[in-house]
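Working through the structure, step by step
Here's the letter readout for the chains.
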Protein chains: 2
Amino acid sequence: MNIADQTFPAVDNANEDRAQAIRDQLRDAIVDRRLAPGTKLSEGEVGTLFDVSRTVARAALQMLSFEGLVRTERNRGAFVANPSPEEARQVFASRRLIEPGIAIAAAGRITPADVAAFKAQLEEEGRFIAERGPSARRSEIKASGDFHLLLASVAGNVILQRFMEELVARSSLVIALYGRSGISSCGHNEHLQILQALENGNAERASALMLHHIDHIEADLDLRVRSGPALRQALES
Amino acid sequence: MNIADQTFPAVDNANEDRAQAIRDQLRDAIVDRRLAPGTKLSEGEVGTLFDVSRTVARAALQMLSFEGLVRTERNRGAFVANPSPEEARQVFASRRLIEPGIAIAAAGRITPADVAAFKAQLEEEGRFIAERGPSARRSEIKASGDFHLLLASVAGNVILQRFMEELVARSSLVIALYGRSGISSCGHNEHLQILQALENGNAERASALMLHHIDHIEADLDLRVRSGPALRQALES
DNA sequence: TAAGCAGAAATCGTATGCAATCTTTTCTGC
DNA sequence: GCAGAAAAGATTGCATACGATTTCTGCTTA
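No experiment lies behind these values; they were computed from the predicted model shown.

1. What to know about the overall build of chain A
Counting its regular elements, chain A contains ten helices and three strands. Sequence-ordered secondary structure for chain A, helices as α and strands as β, is α-β-α-α-β-β-α-α-α-α-α-α-α. Each of the 237 residues in chain A was classed as buried or not, and the buried ones make up 48%. Nonlocal contacts in chain A, meaning residues at least 24 apart in sequence, comprise 75% of its contacts between residues at least 6 apart. On chain A, roughly 11,200 Å² of surface is accessible, and the fraction owed to carbon and sulfur atoms is 49%.

Written as structure tokens, this is what we have:
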């Protein structure tokens, strides 16, 4: 899979930041696995694809590098990140620390409008699970992440919200890389339960459910190191 | 206080990333309050000061903007961040979520070499507290932050470590802005207690002490909004 | 005197050019 | 036929150029 095979919607953003728009599109492509880990993202190609100069493309890649979705090597360029099992564990360890607290904060602030948004979100999530095929599976991973992002926005702490954006994006990548099959419907169920606890104002329960939910997501990964790290590295791109 | 009044050590970094070196120096200057909140950081001036082109200066400013130490406005430029009381509260809320967990992780991984590093660090911290004057006070804020960064590095999660780097930097800015006087020695004492708990392998105690410590730091801030937000904004630069 | 308004100056956003570095191909000697 | 060296090509790092936007300045006018 090469970046040149991708097609991206035109970047319209009349007067907004074009680099940011490109970053968003690339991030979606990475999280969806339309761009495989290890894929080279050359400044020239990205620029050509989005019809901007290398300057702008470079800024977008720098942003992704900050988020950990792209790894850059000096004088060599940018590549889609290929997180190791250890990195994957750290991502989930971070989420275990942060998300139960976010759930508690959200329980104290959730409004009826938020609840409605959650329900719409979960309904969409359910639709993707019903479907089959790799495209639906990608949409499902994305929708599942959106639940957590919505929760973070309800919690009302913009710093944690940004941390969660990074963690969710990296989780999606990790799930695409190391995920087994049957996780999905189970996760959906847990989302429903969490929402119910939030609706009832039961912060403790929401927090505990969230912790279990994260454990379940991680438990459904296969994080065993398959071969020696040397071989792994040699094959990685 | 203008950026042009600052002097910066030469950026020698033979073959490393120059933008990163500039970011580090600017970050230090911001955290130390040698650059006051609201100060304009124009690309041209930064470039001239560090003897690089605007391209490189711009990249450094972009990094600081990601970390929240600098706020950029389109077509207007970059300014040293001027965190509001609400932002300050969110910084500490984030730390309350993350740092107790970091303390627990660190308790399980700390080595004798780490303990020695902590002791050296705390001794230096003590020296700055003994001194008086604004320069010592700045060093003290910095040293206090370094304790938390050292702890994060011992915990062994690079993602959380990066989050903590951002949170500590923003905390230093907040303390410089909203801090009252007498916090210091108290905080130092608490650092010592936390280290002791870590040495004893008492993870729960280290975690609880850390939570209290963060509460104390925040309690020593004056986060009341002084005037209407409109006035505040009007005066901010 | 204060407000309004043009023109100038400064600053930003972006494209492009050149040197340095890395990668790939081709050539040479064994 | 193959290993190593040299050249060609591609890509990045950085500086600079130029149009667009904002800010400053000094003049005019009520």
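Having put the structure on the table, let's press on.
2. Notes on the protein's contact with DNA strand C
Residues in close proximity to DNA strand C total 18 residues, the closest being S53(A), T55(A), R76(A), R54(B) and R58(B). Taking the atoms of DNA strand C that fall within 4 Å of the protein, sugar and phosphate contribute 74% of them. Within the side chain of S53(A), a nitrogen or oxygen atom sits 2.3 Å from a phosphate oxygen of DNA strand C. Mapped onto the surface near DNA strand C, the elements with two or more residues apiece are α3 (54-67) of chain A together with α2 (43-50) and α3 (54-67) of chain B. Looking at which element gives the most residues to the surface near DNA strand C, the answer is α3(A), with three residues. Its residues assigned to classes, the surface near DNA strand C comprises two nonpolar, seven polar and nine charged.

3. Re the sheet that holds strand β1 (residues 40-41) of chain A
All names here are of chain A. If you trace the three strands from one edge of the open sheet to the other, you get β1-β3-β2, paired in antiparallel fashion. Every interior strand has two partners, whereas the edge strands, β1 and β2 (70-73), have only one. Alignment of β2 against strand β3 (residues 77-80), held across four bridges, turns out to be antiparallel. By the bridge assignment, R71 is partnered in β3 with F79.

4. A look at the protein's contact with DNA strand D
Near DNA strand D you find 17 residues, and of these R58(A), R18(B), S53(B), T55(B) and R76(B) are the closest. Within the contact set of DNA strand D, a sugar or linking oxygen lies 2.8 Å away from a side-chain nitrogen or oxygen of R18(B). Contacts to DNA strand D include S53(B), whose side-chain N or O atom sits 2.6 Å from a phosphate oxygen. Looking at the surface near DNA strand D, the elements with two or more residues in it are α3 of chain A together with α3 of chain B.

5. Quick word on the environment of T72(B)
Relative to the elements of secondary structure, T72(B) occurs in strand β2 (residues 70-73). With residues near it in sequence (within four places) discarded, T72(B) still touches S65(B), G77(B) and A78(B).

6. Quick look at the confidence of the model for chain A
Averaged over every residue, the pLDDT of chain A is 89; the share at 70 or more is 87%. Considering only residues more than four positions removed or in separate chains, one finds that residues 228-237 of chain A, a stretch of pLDDT under 50, has six contacts.

7. A look at the pattern of salt bridges
Under the definition given, this model contains 38 salt bridges over all chains. Put simply, E87(A) and R170(A) hold a salt bridge, and the shortest N to O gap is 3.4 Å. Highlighted residues: E87(A) in helix α4 (residues 85-107) and R170(A) in helix α7 (residues 158-178), separated in sequence by 83 residues. Exposure remark for E87(A): the relative accessible area of 29% places this residue in the partly exposed category. Look at R170(A) and you get buried, because its relative accessible area is 11%. The salt bridge partner of E86(B) is R89(B), with a shortest N-O separation of 3.4 Å. Of this pair, E86(B) and R89(B) both sit in helix α4 (residues 85-107), three residues apart, roughly one helical turn. Its relative accessible area of 42% is what places E86(B) among the partly exposed residues. By relative accessible area, R89(B) is classed as partly exposed at 35%. The network of salt bridges with shared partners includes R23(A), D24(A), R27(A) and E67(A).

8. Observations concerning the interface of chain B and chain A
Contacts between chain B and chain A engage 28 residues on the former and 28 residues on the latter. Here chain B packs against chain A, burying approximately 2,200 Å² in sum over the two surfaces, 58% of which is carbon and sulfur. Our count for the contact surface shared by chain B and chain A stands at two salt bridges. Across the pair E166(B) and R162(A) runs a salt bridge, and its minimum N-O distance is 2.4 Å. Taken together, the links from chain B to chain A amount to ten residue pairs in polar contact (both at pLDDT 80 or more). Sorting the residues of the side of chain B that touches chain A by element identifies α3, α4 and α7 (158-178) of chain B as the ones contributing at least two each. Among the elements that line the side of chain B that touches chain A, the one with the most residues is α4(B), at nine residues. Residues that form the side of chain B that touches chain A fall into these classes: 13 nonpolar, seven polar and eight charged.

The rules behind each value
- Residues numbered from 1 in each chain as written.
- Chains lettered and ligands numbered in written order.
- Predicted model: local features only at pLDDT ≥ 70, side-chain atom pairs only at ≥ 80, totals over all residues.
- Heavy atoms only, no water.
- Helix = DSSP H or I, 4+ residues; strand = E, 2+ residues; numbered from the N terminus.
- Buried < 20%, exposed > 50% of the residue type's maximum accessible area, 1.4 Å probe, protein only.
- Contact = heavy atoms within 4.5 Å.
- Areas by Shrake-Rupley, 256 points an atom, 1.4 Å probe, with all protein chains shown as cover.
- Near = heavy atom within 4 Å.
- Polar contact = N/O pair within 3.5 Å; in protein donor to acceptor, adjacent residues only side chain to side chain.
- Nonpolar A, V, L, I, M, F, W, Y, C, P; charged D, E, K, R; others polar.
- Pairing = 2+ DSSP bridges.
- pLDDT = per-residue confidence, 0-100.
- Salt bridge = Lys/Arg side-chain N within 4 Å of Asp/Glu carboxyl O.
- Buried area = accessible area lost by both parts, 1.4 Å probe.

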